[in-house]
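Tertiary structure, described
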Amino acid sequence: METFIDVLIILLVLTNFRLLGSSRISACIQTTALQAIILSAFPIALHTDALGFHLILLSGATIVVKAIVLPWLLRKTLREINISREVEPLMGYTASIIIGAALLGLCLLISEPLQSTHILGGRMLIPGALFTILSGLFLIISRRKALTQVIGYLVLENGIYAFGAALAVEEPLVVEMGVLLDVFVAVFVMGITIHHISRDFDHIDTDRLSLLKD
Amino acid sequence: MIWAVLLVPSVAGLLAMLIPMRSAPRWLLMTAAAAHITLVAGLWVRPSPASHWIAADLPGRLFLTITSVLFLAMAFYTIGYLRRESGKAIKDFQEGFLFTNKPEATFIGCLLFFLATMSLATLSQHPGLLWIAVEATTLVSAPLIYFHRHHRSLEATWKYLLICSVGIALALLGNFFLVIAAKGKAIGLDLANLQAHATALNPVWLKAAFVLFVVGYGTKMGLAPMHNWLPDAHSEAPSVVSALLSGALLNCAFLAILRFHGILSAAGLGDFSSQILVLFGFISMATAAVFLIRQTDAKRMLAYSSIEHMGILALGTGIGGIAASGALLHAISHSLAKAMLFLTAGNLMHLYNTKDILKIRGVLQVAPVTGTLWVAGFLAIAGFPPFGLFLSELTILTGALESGRWLVASGYLLTLGIIFVALTRIFLTMSFGINESWDHARISDRGMREPSWSLLPGIALGAGVLALGLYVPPKLWQCIQDAVLAIGVH
């Protein structure tokens, strides 16, 4: 199973690079859906010995919420606001990928002392999950469009979930489901807000939302 | 009983949104607020048996009571406020365009959900459930900030949603780190169990988890430098919502940090977590001081003052000992005083049609009762005797001096002094003096200027904070000290 998990983590890392280097928002949405499918395989691949109702339900719920419902919701918002690209991000795409590579190196470096026998999934899991978290944060701060920032938030969530997947047996099902529900509602509310922003402002560039300041 | 505390506001919120009668939501709001406070009082008389998920432990009950009391006062104010504001186009006083408000049913429904989620946040005994509750407070309060439908409140809502969601996502990572710290030790993951077996937890992961908790829940609590959403949200939301955000929500996030601080203390890592809390406390107080000096927006001024007081709470908890008890007392007094000030600020905004401090003059002359409340609120929030905040700030200072932290104590006094001067300048010029520009013809009737619904909640809250300054009942003090012990802060 070790190799299978390594493959999953490598796929996860590659999807992050696709997100960092892509200007088409619909491609980014598609990539987060792909990430969610990869992630949903995590708990099953990691806990082959403890495979039960709990884990299968969790994987199923992840796929339904993160790979089907949320991307659908984001696409719907995308159609309504009638944009397709992230034009002129605060940080260019080539630069983003280079920074991404640097971040990946950093993650490998800082996860070295954190390696512990208590975490399943081999030595790749911690750096892979950390890299996904940092990619999400980087997307939030380096892109202008509110929608891309929501995608960044989802990527951040996915990275955290990758950690959680390694511990899925420990966390009670109620908590996992609650977390999924919260993420779903968060994206839902953000989508509505973006809809209002595009109606009121005729754009969704968050760096131009700068009326309130000291 | 304990489930009823959560169910009553949730069901009332649902009904408020679904029943298609115009007056139904207002009735539901008042009824649910009254029922909630009765149930909370019931929890004091007969605490429900604890479960792994929720329990009315002492610290939880204390913060739940603050929330419930504030909510009742706000419900009362909201009824009058909605009667005045709802269902018509309102002229924005900053830019002059017309805007409408969110439908009343949605607003009241979200207010009630807000109460339910905050109650859950105070009662949660499982880190995962606590996280879910705190994140849920963000989601149900975002529509409240966008009550006035215009672009500034929309901008504030967006910042609030994104910054808080990202911040709280980091707290979720903290949760997973906590699980890793407990892995392989057969420790139940509820707070009581974690605390009892804290020494068995892996210290490296536990420390990392605590840092993430402080950053995550600290975003929600308004600790600098994660505070950016707070002044925007507080200045653009209706005053009732600002009062609830400042007086109740920030406290809930503080309670979350407090609980994890207790686990670290029990694990023998109290020095580490204390230092972090003291550090964030100082940064918050200093940031607030800087932004208060030249503040020209009345509600932003109050928001920065909240950041200052959250800093004081973090600082007091970090110092520990008697200062930790002082911090809890401070949380109570601050909630009452700040809610009263936000409500009074709302009245001022309606009277003067501006939030600009430089344009509000002679409040005492124009509206004597509102003016008196404004001055009393200032004295309370600046830490003047005989108000409650004086006593708690003094207790925290005593704690700092007793533990021999001279540097901390002097820094604390210095920032308090700077903030005091800044606030004096703002409040006194607003309250005294004679107003030439105020348009007497616009609201000529005195009863219209100061309707009783807009004053009574403020007066009640102000009386509370005054009473706490004159006399802290030994029972309350005992209860606070027991709460500090129960959390396990040394």
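Residues numbered from 1 in each chain as written. Chains lettered and ligands numbered in written order. Predicted model: local features only at pLDDT ≥ 70, side-chain atom pairs only at ≥ 80, totals over all residues.

**Examining the overall build of chain B**
- Along the backbone of chain B there are 20 helices and two strands.
- Relative to the compact-globule value of 23 Å for 490 residues, chain B shows a C-alpha radius of gyration of 22 Å, a close match.
- When its C-alpha atoms are laid out on the principal axes, chain B stretches across 70 × 55 × 40 Å.
- Every one of the 490 residues in chain B was classed for burial, and the buried ones make up 61%.
- When contacts within chain B are restricted to residue pairs at least 6 apart in sequence, those whose partners lie at least 24 apart make up 81%. (Helix = DSSP H or I, 4+ residues; strand = E, 2+ residues; numbered from the N terminus. Rg over C-alpha atoms; globule rule 2.2 N^0.38 Å. Buried ≥ 20, exposed ≤ 12 C-beta atoms within 10 Å, placed from the backbone. Contact = placed C-beta atoms within 7 Å.)

**Quick notes on the overall build of chain A**
- Within chain A, the regular secondary structure consists of seven helices and zero strands.
- Starting at the N terminus and ending at the C terminus, chain A contains elements arranged as α-α-α-α-α-α-α.
- Computed over the C-alpha atoms, the radius of gyration of chain A is 18 Å, within 12% of the 17 Å expected from 2.2 N^0.38 for a compact globule of 214 residues.
- The C-alpha extent of chain A, read off along each of the three principal axes, is 55 × 35 × 35 Å.

**Structural notes on the packing of helix H12 (residues 298–319) of chain B against helix H16 (residues 388–402) of chain B**
All names here are of chain B.
- One can describe the packing of H12 onto H16 by two numbers: an axis separation of 9 Å at closest approach and a directional angle of 35 degrees. Like other packed secondary-structure pairs, H12 and H16 cross with a definite hand, here left-handed. Residues Ile312, Leu315, Gly316 and Ile319 of H12 form the contact with H16, whose own contacting residues are Glu393, Ile396, Gly399 and Ala400.
- In terms of residue class, the contact of H12 with H16 is built from five nonpolar, two polar and one charged. (Axes fitted to C-alpha atoms, helices over the stretch in contact; angles between N-to-C directions. Left-handed = near helix turned anticlockwise from the far one by under 90°. Nonpolar A, V, L, I, M, F, W, Y, C, P; charged D, E, K, R; others polar.)

**Some details on the packing of helix H13 (residues 322–352) of chain B against helix H15 (residues 368–381) of chain B**
Residues and elements named next belong to chain B.
- It is at 9 Å that the axes of H13 and H15 come closest, and there the two elements cross at 145 degrees. In terms of crossing hand, the pair formed by H13 and H15 is left-handed. Every residue of H15 that contacts H13 at Ala337, Lys338, Met340, Leu341, Thr344, Asn347 and Leu348 is listed here: Thr370, Leu373, Trp374, Gly377, Ala380 and Ile381.
- When grouped by side-chain class, the residues that make up the contact of H13 with H15 number eight nonpolar, four polar and one charged.

**Notes on helix H4 (residues 93–111) of chain A**
Residues and elements named next belong to chain A.
- Compared with the 27 Å implied by 1.5 Å per residue over 19 residues, the 26 Å span of H4 between its first and last C-alpha is a close match.
- For H4, every residue scored as buried is listed here: Ser96, Gly100 and Cys107. For H4, the angular spread of buried residues about the axis comes to 45 degrees, placing them on one side. Residues of H4 that are exposed and point over 90 degrees away from its buried face: Thr94, Ala101, Ala102, Gly105 and Leu109.
- Packed against the buried residues of H4 are helix H1 (2–21) and helix H5 (125–142). (Expected span 1.5 Å × (residues − 1). Arc of directions from axis to C-beta.)

**Brief notes about the nonpolar core**
All names here are of chain B.
- Ranked by internal contacts, the top residues of the largest apolar core, which has 246 residues, are Leu112, Val134, Leu244, Cys252, Ala253, Phe254 and Ile257.
- With 21 residues, helix H6 (residues 151–181) is the single largest residue contributor to this core.
- Ignoring any residue separated from it by four or fewer positions in sequence, one finds cysteine 252 in contact with Phe63, Met118, Ala121, Thr122, Val134 and Thr137. (Core = buried A, V, L, I, M, F, W, Y, C linked by C-beta atoms within 7 Å.)

**Looking at the confidence of the model for chain B**
- Looking at chain B, the pLDDT average stands at 91 and 97% of residues meet or exceed 70.
- For this predicted complex, the interface confidence score (ipTM) comes to 0.93, while the overall pTM stands at 0.95. (pLDDT = per-residue confidence, 0-100.)

**What about the interface of chain A and chain B?**
- Contacts between the two partners involve 32 residues from chain A, matched on the other side by 29 residues from chain B.
- Residue assignment for the side of chain A that touches chain B shows that the elements contributing at least two residues are helix H6 (146–166) and helix H7 (173–201) of chain A.
- Examining the composition of the side of chain A that touches chain B, we find that 13 residues originate from one element, H7(A), more than from any other.
- For the side of chain A that touches chain B, the class distribution of residues is 19 nonpolar, seven polar and six charged.

**Details of helix H19 (residues 452–470) of chain B**
Residue and element names in this part refer to chain B.
- Its 19 residues place the ends of H19 26 Å apart at the C-alpha level, agreeing with the 27 Å of an ideal helix rising 1.5 Å per residue.
- Turning to H19, its buried residues number three or more, namely Ser454, Leu455, Pro457, Gly458, Leu461, Gly462, Gly464, Val465, Leu468 and Gly469.
- For H19, the secondary structure elements touched by its buried residues are helix H3 (58–85), H13, H15 and H16.

**Side note on unusual backbone geometry**
- The linkage connecting Ala224(B) with the following residue, Pro225(B), adopts the cis geometry, with an omega of 0 degrees.
- Position of Pro225(B) relative to the elements: it lies in the loop between helix H8 (203–221) and helix H9 (229–236).
- Here Pro385(B) and Pro386(B) are connected by a cis peptide whose omega angle stands at 5 degrees.
- Position of Pro386(B) relative to the elements: it lies in the loop between H15 and H16.
- Positive phi, close to 60 degrees, is recorded for Asn82(A), a residue that is not glycine.
- Residue Asn353(B) is not a glycine yet carries a positive backbone phi of 60 degrees.
- Following the sequence through the fold, Asn353(B) ends up in the loop between H13 and helix H14 (363–366).
- A tally of 18 C-beta atoms within 10 Å means that Asn353(B) is categorised as partly exposed.

**Thoughts on the environment of Ala224(B)**
- If you trace the backbone, Ala224(B) turns up in the loop between H8 and H9.
- Each C-alpha atom of the pair Ala224(B) and Ala288(B) lies 8.3 Å from the other, and the pair is 64 residues apart in sequence.

**Describing the environment of Ala331(B)**
Residues and elements named next belong to chain B.
- Of note, alanine 331 is situated in helix H13.
- Sequence separation of alanine 331 and isoleucine 312 is 19 residues, and the distance between their C-alpha atoms is 9.2 Å.
- Not counting the four nearest positions on each side in its chain, alanine 331 is found in contact with Asn251, Phe254 and Leu313.

**A word on the environment of Phe147(B)**
Residue and element names in this part refer to chain B.
- In this structure, phenylalanine 147 sits in the loop between helix H5 (127–145) and H6.
- With 10 residues separating them along the chain, phenylalanine 147 and threonine 157 place their C-alpha atoms 9.8 Å apart.
- Dropping the residues within four chain positions of it, phenylalanine 147 is found in contact with Asn101, Lys102, Phe107, Ala237, Pro238 and Val241.

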